[in-house]
Amino acid sequence: MCSALRNTPKARFFLSVSQRFPAEHPFYPFTFYSQVGWEGTNFQQPPCPKAVLVLPCRFAYKDEYEKFKLYLTIILLIVSFSCRFLLNSRVTDAVFNFLLVWYYCTLTIRESILINNGSKIKGWWVFHHYISTFLSGVMLTWPDGLMYQMFRNQFLSFSMYQSFVQFLQYYYQSGCLYRLRALGERHNMDLTVEGFQSWMWRGLTFLLPFLFFGQFWQLYNAITLFRMIQHPECKEWQVLMCGIPFFILFLGNFFTTLRVVHQKIQNKNQDTKEN
């Protein structure tokens, strides 16, 4: 595999970058398999690139990821509010749904890079974004009509609430992570997430009612869509294809959060018994 990659344009590009910057340079973008990086005795052959960011670039990329989530959350909140109360056009709705598709696609790509560079993101919260991408894509293709108008306001209201909760999570999780990193209890590559993890137990339990309410709203959306299938005017396949992802999101979010809470309560009870 390494021999096959040595003479590719990408390998030559990485070699040129590595020669331009020393390995300890803060802008050196990639690490390589070794300092020598050559096989055999032909020292003119470029090394095989390894797509792992060096430490300064990891932190910078993580910070950019967090800023991207914050800025897009605010934008989505404003756009969903505008579509819900100020604008009533399928065109603006399509722009909003396209923005959602782009947002979740970008999150999945960036999260895969961060996971390869040391960030610990639970499996469900990564898979959750793939489902959200699919759901947003289906909403984007849903044609205007009676069924769409019946669900439109409910979906936009849910999107507003979801963006609001995500903003709350970012604001309080970032502060909590900063404190835990200073105490040496969390890794520097840990990220804010859209759910609830074990490290949030101390200080962020007040977010649980907001999370559970949003999760049951996802269930309500799924039930609404499943009921719409029985409507005599329902002919769009998007109704079912939106109901299923909403139901899966509810199950995954609810039981993942419930499992974390259950584990923390059990650990707390065990600590109490030992003391």
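Look up a bit, the structure's there.
What you are looking at is a predicted structure, and each value in this text was computed from that prediction instead of being measured.

### A word on the overall build of the chain
Point 1. A count of helical and extended segments in the chain gives eight helices and two strands.
Point 2. Per-residue burial for the chain yields a buried fraction of 45% across its 275 residues.

### A short note on the packing of aromatic side chains
Point 1. Using the criterion set out here, one finds 20 aromatic pairs in the structure.
Point 2. With centroids separated by 5.6 Å and ring planes inclined at 40°, the aromatic side chains of Tyr-161 and Trp-217 adopt a geometry described as tilted. In this pair, Tyr-161 is assigned in helix α6 (residues 146–182) and Trp-217 in helix α7 (residues 208–229), connecting sequence segments 56 residues apart.
Point 3. Taking the relative accessible area as the measure of exposure, Tyr-161 reaches 15% and is therefore buried.
Point 4. Under the relative-accessibility criterion, Trp-217 is labelled buried at 18%.
Point 5. Relative to Trp-217, the ring of Phe-213 has its centre 5.9 Å away and its plane inclined at 75°; by these criteria the two rings are edge-to-face. Note that Phe-213 and Trp-217 are positioned in helix α7 at a spacing of four residues, about one turn of the helix.
Point 6. The class for Phe-213 is partly exposed, based on a relative accessible area of 46%.
Point 7. Aromatic ring contacts, followed pair by pair, group Phe-96, Trp-142, Tyr-148, Phe-151, Phe-155, Phe-158, Tyr-161, Phe-213, Trp-217 and Phe-246 into a single cluster.
Point 8. Across the ring face of Phe-68, the terminal group of Arg-110 is positioned such that the distance to the ring centre comes to 4.6 Å.

### Some thoughts on empty space enclosed by the protein
Point 1. Counted according to the given criterion, the structure contains five cavities of 30 Å³ or more.
Point 2. What the second largest cavity holds in volume is close to 110 Å³.
Point 3. Contributing to the lining of the second largest cavity are 13 residues, with Tyr-104, Ser-132, Leu-135, Phe-158 and Gln-162 lying nearest its centre.
Point 4. Secondary structure elements with two or more residues in the lining of the second largest cavity: α4 (90–116), α5 (123–141), α6 and α8 (238–274).

### Here we look at the side chain of Ser-136
Point 1. Examined against the element boundaries, Ser-136 turns out to sit in helix α5.
Point 2. Here Ser-132 takes part through its backbone oxygen, which lies 2.9 Å from a polar atom of the side chain of Ser-136.
Point 3. Here Ser-136 is in contact with Asn-97, Leu-100, Val-101 and Tyr-104, once residues within four sequence places are set aside.

The rules behind the values
- Residues numbered from 1 in each chain as written.
- Predicted model: local features only at pLDDT ≥ 70, side-chain atom pairs only at ≥ 80, totals over all residues.
- Heavy atoms only, no water.
- Helix = DSSP H or I, 4+ residues; strand = E, 2+ residues; numbered from the N terminus.
- Buried < 20%, exposed > 50% of the residue type's maximum accessible area, 1.4 Å probe, protein only.
- Phe/Tyr/Trp six-rings, centres within 6.5 Å; stacked < 30°, edge-to-face > 60°.
- Lys NZ or Arg CZ within 6 Å of the ring centre and 35° of its normal.
- 1 Å grid on protein atoms, 1.4 Å probe; cavity = no way out; pocket = protein on both sides within 12 Å on 5 of 7 lines; lining within 4 Å.
- Points joined across faces, edges and corners; volume = space filled by probe spheres on them.
- Polar contact = N/O pair within 3.5 Å; in protein donor to acceptor, adjacent residues only side chain to side chain.
- Contact = heavy atoms within 4.5 Å.

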